[in-house]
Amino acid sequence: MAVNIAILGVSGRMGHAIVGEIALDRRCNLHGGIVRSDSEFAGTDIGVFAGTGFSGVSAVVRLEEGAKGAHVVIDVSVPDATVAAAERLAAMGGIAMVTGVTGLDAEQLERLKAASERMPILAARNFSLGVAILEDLVRQAAAALPLHRWDAEIVETHHRAKTDAPSGTALMMGEAIAEARSQAFDQVAMMGRSGQTGYRPPGTIGVASVRGGAVIGEHDVKFLSDYETITLSHVAHDRRVFARGAIDAARWLAGKPPGLYSMRDIVSG
Ligand SMILES: NC(=O)C1=CN([C@@H]2O[C@H](COP(=O)(O)OP(=O)(O)OC[C@H]3O[C@@H](n4cnc5c(N)ncnc54)[C@H](OP(=O)(O)O)[C@@H]3O)[C@@H](O)[C@H]2O)C=CC1
Ligand SMILES: O=C(O)C1=N[C@H](C(=O)O)C[C@H](O)C1
């Protein structure tokens, strides 16, 4: 069965990339697209503005209209829209949601989790398989390297248009290190540095963000000791890697029971 997909945030960078990958995949259909209420793309053909050719599917501003008849909504919008959509889709029933949106705060994450009690939601701060592997390698390294001798630092680099920092992927890596060290990440994270910072407290995890150009996404996880440094890195060359992962997630999630899922559930089968 081909999976009918609607895209929330279809006019964005990721929205365009996902439309492009759906056009190449016979196992799924572009079923709908939702844009902001005052978007210039409202009412226009999605394939035309995404550059894949006339699709016969127009962008709409009402979620319920764009999602009607879809098996899965892929959300690549913004945190406020993500949470509102999860709650409204849960009320609709009979639909699943894949969200890749990052930068949700604690209250928004709680609301997303509450919605997943009524519908299947897969939340992925990074849709790339390569990043899933990086996370495993980072966890393994953190478990093996004594925290009082090995300082963990994360540096993420993204395009100038990224509006949240640090990246969701960087936070994933920090959480993996902290978990491997039996630490609470929010207790040991050092988000950016400036001024007289004093001696680096052992066992902390530094996170730094670089913004500029059109960088798709680069993550370096460093473990630094007195005599050597280990750097585990991932470089995304094209948003299509994320789009492919989002579509694979949507195809996997369709028909699942309510719950909050992650890319790890897909990898583990
Ligand atoms: N999980 C992953 O692998 C990846 C996740 N991301 C994340 O995805 C998100 C989007 O990234 P990106 O595509 O680069 O960002 P963009 O800003 O290009 O896209 C976001 C889109 O959401 C739209 N939007 C905003 N509010 C609403 C609303 N209320 N209803 C419908 N649409 C809305 C925006 O419309 P408008 O332009 O009109 O404001 C815009 O088109 C970010 O959080 C990013 O971190 C990005 C890449 C990979
Ligand atoms: O905003 C982006 O572009 C990306 N955001 C995600 C994140 O915040 O980790 C994933 C990827 O790095 C690209």
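Residues numbered from 1 in each chain as written. Chains lettered and ligands numbered in written order. Predicted model: local features only at pLDDT ≥ 70, side-chain atom pairs only at ≥ 80, totals over all residues. Heavy atoms only, no water.

Asker: Is there a simple way to think about the site of ligand 2 in this case?
Answerer: Around ligand 2, the neighbouring residues are T102, R125, N126, H158, H159, K162, S167, G168, T169, I216, H219 and F242. Within the side chain of H159, an N or O atom sits 2.9 Å from an oxygen atom of ligand 2. If ligand 2 stood free it would expose 330 Å²; the protein chains cover 85% of that surface. Of the residues that constitute the shell around ligand 2, the class distribution is two nonpolar, eight polar and two charged. When residues are assigned to domains, the shell around ligand 2 turns out to be shared by domain 1 (3-127 + 239-267) and domain 2 (129-236), each giving three or more. (Near = heavy atom within 4 Å. Polar contact = N/O pair within 3.5 Å; in protein donor to acceptor, adjacent residues only side chain to side chain. Areas by Shrake-Rupley, 256 points an atom, 1.4 Å probe, with all protein chains shown as cover. Nonpolar A, V, L, I, M, F, W, Y, C, P; charged D, E, K, R; others polar. Domains from an automatic or database assignment.)

Asker: Can you help me understand the nonpolar core in this one?
Answerer: As a rule of thumb, nonpolar side chains are buried together in soluble globular proteins. If you look at the biggest cluster of nonpolar residues, it comprises 37 residues, and the most contacted ones within it are I7, I18, V98 and L122. Those elements that place two or more of their residues in this core are β1 (3-8), α1 (13-23), β2 (28-34), α2 (46-50), β4 (72-75), β5 (96-99) and α9 (240-253). When residues of this core are assigned to their parent elements, the largest contribution, eight residues, is made by α9. The contact partners of I18, leaving out residues within four places of it in the chain, are I7, I74, V76, A243, A246 and I247. (Core = buried A, V, L, I, M, F, W, Y, C linked by side-chain atoms within 4.5 Å. Buried < 20%, exposed > 50% of the residue type's maximum accessible area, 1.4 Å probe, protein only. Helix = DSSP H or I, 4+ residues; strand = E, 2+ residues; numbered from the N terminus. Contact = heavy atoms within 4.5 Å.)

Asker: Looking at this structure, how should I read the UniProt feature "binding site: (S)-2,3,4,5-tetrahydrodipicolinate" (unreviewed entry) in the chain?
Answerer: When the UniProt feature table is mapped onto this chain numbering, "binding site: (S)-2,3,4,5-tetrahydrodipicolinate" (unreviewed entry) sits at H159, G168 and T169. By the secondary structure assignment, H159 is in the loop between β7 (151-158) and α7 (168-180). Not counting the four nearest positions on each side in its chain, H159 is found in contact with R13, R211, G212, G213, A214, V215, I216 and R239. Within the structure, H159 has its side chain in polar contact with the backbone nitrogen of K162 (distance 3.2 Å). When you line up the elements, T169 lands in helix α7. Beyond its immediate stretch of four places on either side in the chain, T169 contacts R125, N126, V131 and H219. (UniProt positions renumbered as here; feature names shortened; annotations may be inferred.)

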